Structures are given as structure tokens and as C-alpha cells.
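Chain by chain, the residues:
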Amino acid sequence: MTGVRKGLAKVEVALRWDPSRAGTPANDLDIVVAVYGAADPHGTPVHLVHFGSRSPDGTITLNRDSHTGQGFGFDEVMTLELDRMAAELRRVVVGVVIQRAGEGDARKTFADIEGAGVRIREGHTDLAATDFDSIATATAATVGEFTRDGSGGWSLTARLHGFDTDPEEFIRIMGAVR
């Protein structure tokens with residue numbers, strides 16, 4: 001999953017996974033988006049958007065949220081209106097994190113979750129799509145990075161990078177320089 005696409009305006013990130021097997025804790029995956037300003041493009045996010053939140057300026061919205069993976073098609077969907085973002089916002093990192101079902105539940109990796117995959121699209125055009133097989137031992141992943149050039153145009157670099165960490169730590173390090 002690599003590639004660059006330029007001139008983006010409004011994109012959708014969609015995440016899918018299969019429900020857990022009967023008698024086991026539910027699988028709960030979440031899309032997480034970190035937005036960085038020009039002054040600190042790899043440091044502390046200006047906005048952090050995930051389940052139960054949206055960006056303060058309304059340009060990033062979680063349209064569908066699932067805690068179980070039940071349903072048909074994509075279980076979580078987030079819309080990013082890049083063309084409406086303030087000029088000082090220059091970088092947007094998109095990630096996926098596996099939540100623990102409850103206190104004391106075992107840590108899950110992508111290998112433990114069947115049918116997991118992510119798609120990034122603009123309109124009806126898929127910009128990137130992948131599963132998590134190549135990072136099966138990871139508990140979180142970045143899946144793409146949007147960057148704004150000097151003329152104000154947004155581009156996507158789709159790259160899957162796995163992390164073996166808890167959700168709070170992932171949010172802190174997902175946008176760091178690698």
C-alpha cells in the first residue's frame with residue numbers, strides 16, 4: 001500500500017473487520033486522525049479525532065462507529081474535508097488502533113482479528129486499500145498521511161506502518177518522524 005495522489009479535497013476513510021467468534025470478547029477497532037500545524041508537523045497534534053469526537057472546525061467527522069464489527073461492509077467511516085482546513089494545518093496522519101474489550105482482557109493484534117481492512121477514497125475513486133496481514137503482530141497502525149504543499153494542495157502518501165503499543169501511546173507517537 002504505497003502511492004501518492006495529489007489535489008485532494010474531500011476523502012473518506014473506511015475500516016472493516018469481522019465480529020469476534022462466539023464466546024470471545026468483541027473486536028473493537030477505531031480510526032484515529034491526528035492533524036498537525038506548520039509550526040510542529042511531527043510533534044503534538046493540533047486536533048485529534050477518534051470515536052466520540054470530531055475536529056473543532058468540523059472538517060473531520062466520524063460518520064459511522066462500531067464496537068463489534070457487526071454489519072455489512074465497512075464498520076467505521078470518517079470524512080476528512082481537506083479543502084476546508086485552515087491554511088496553517090499542513091499534515092494529517094490517519095491511523096487504526098485496536099481497543100481492549102475490557103479491563104483485564106488480553107491484548108489483541110491484527111492477527112487476532114479476521115477480515116480487517118481499510119480503504120481511503122475520494123468520491124467513488126479508491127486512493128488506497130489494504131488489509132493488515134503484513135503487520136499481523138501490531139496492535140495499531142498508520143495507514144496514510146496527507147500533506148499540504150506550498151500552493152495549498154493536499155496529497156496522500158498511503159503507507160502501512162505497524163506499532164506494538166497501547167492506544168494512548170499510539171496517539172502520542174503516530175505522527176512522529178520515522
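Residues numbered from 1 in each chain as written. Predicted model: local features only at pLDDT ≥ 70, side-chain atom pairs only at ≥ 80, totals over all residues. Heavy atoms only, no water.

(A) Summary view of the overall build of the chain. When its secondary structure is counted, the chain shows one helix and 11 strands. Sequence-ordered secondary structure for the chain, helices as α and strands as β, is β-β-β-β-β-β-β-β-β-β-β-α. Counting every position in the chain, which comprises 178 residues, the buried fraction comes to 46%. For the chain, the exposed surface amounts to about 8700 Å²; the carbon and sulfur share of it is 48%. (Helix = DSSP H or I, 4+ residues; strand = E, 2+ residues; numbered from the N terminus. Buried < 20%, exposed > 50% of the residue type's maximum accessible area, 1.4 Å probe, protein only. Areas by Shrake-Rupley, 256 points an atom, 1.4 Å probe, with all protein chains shown as cover.)

(B) Looking closely at the environment of arginine 90. Within the secondary structure, arginine 90 is located in strand β7 (residues 89–99). On a C-alpha basis, the gap between arginine 90 and tryptophan 154 in space is 8.6 Å, while along the polypeptide they are 64 residues apart. Residues in contact with arginine 90, not counting those within four places in the same chain, are Tyr36, Gly37, Ala38, Phe146, Thr147, Arg148, Asp149 and Trp154. (Contact = heavy atoms within 4.5 Å.)

(C) Quick look at the confidence of the model for the chain. Of the residues in the chain, 89% have a pLDDT of 70 or more, and the chain-wide mean is 88. The secondary structure element of the chain with the lowest average pLDDT is strand β1 (residues 4–8), at 75, and the one with the highest is strand β10 (residues 140–148), at 97. (pLDDT = per-residue confidence, 0-100.)

(D) Main features of the nonpolar core. One finds Val33, Leu80, Phe132 and Phe146 to be the most contacted residues of the largest nonpolar core, which totals 38 residues. Counting residues per element, this core draws most heavily on β7, which supplies five residues. In terms of nonpolar packing, the next biggest core, distinct from the first, is built from nine residues, Ala34, Tyr36, Val93 and Ala140 among them. (Core = buried A, V, L, I, M, F, W, Y, C linked by side-chain atoms within 4.5 Å.)

(E) How the structure looks around the layout of surface pockets. By volume, the largest pocket amounts to about 180 Å³. His42, Arg91, Val93, Thr142, Gly144, Glu145, Thr157, Arg159, His161, Ala176, Val177 and Arg178 together form the lining of the largest pocket. Those elements that provide at least two residues to the lining of the largest pocket are β7, β10 and β11 (154–163). Split by residue class, the lining of the largest pocket holds three nonpolar, five polar and four charged. Empty space within the second largest pocket amounts to approximately 150 Å³. (1 Å grid on protein atoms, 1.4 Å probe; cavity = no way out; pocket = protein on both sides within 12 Å on 5 of 7 lines; lining within 4 Å. Points joined across faces, edges and corners; volume = space filled by probe spheres on them. Nonpolar A, V, L, I, M, F, W, Y, C, P; charged D, E, K, R; others polar.)

(F) Expanded view of the packing of aromatic side chains. With the rule as written, the count across this model stands at two aromatic pairs. Between the aromatic rings of phenylalanine 110 and phenylalanine 132, the centroid separation amounts to 4.2 Å while the plane-to-plane angle is 5°, which identifies the pairing as stacked. With phenylalanine 110 in the loop between β7 and β8 (117–122) and phenylalanine 132 in the loop between β9 (125–131) and β10, the pair connects residues that are 22 residues apart, well separated along the chain. A relative accessible area of 4% means that phenylalanine 110 is categorised as buried. Note on phenylalanine 163 and phenylalanine 170: the rings are 5.2 Å apart at their centroids and 70° apart in plane angle, and the pair reads as edge-to-face. You can call phenylalanine 163 buried: its relative accessible area is 10%. The ring of tyrosine 36 has arginine 91 lying over it, and the distance from NZ or CZ to the ring centre is 5.1 Å. (Phe/Tyr/Trp six-rings, centres within 6.5 Å; stacked < 30°, edge-to-face > 60°. Lys NZ or Arg CZ within 6 Å of the ring centre and 35° of its normal.)

(G) Main features of the environment of methionine 85. Looking at the element boundaries, methionine 85 is found in the loop between β6 (76–81) and β7. With 27 residues separating them along the chain, methionine 85 and glycine 58 place their C-alpha atoms 9.0 Å apart.

(H) Highlighting the pattern of salt bridges. According to the stated counting rule, one finds seven salt bridges in the structure shown. The salt bridge involving aspartate 164 is made with arginine 107; its shortest N-O contact spans 2.8 Å. One end of the pair, aspartate 164, is in the loop between β11 and α1 (167–173); the other, arginine 107, is in the loop between β7 and β8, and 57 residues separate them in sequence. Given the relative accessible area of 42%, arginine 107 is considered partly exposed. (Salt bridge = Lys/Arg side-chain N within 4 Å of Asp/Glu carboxyl O.)

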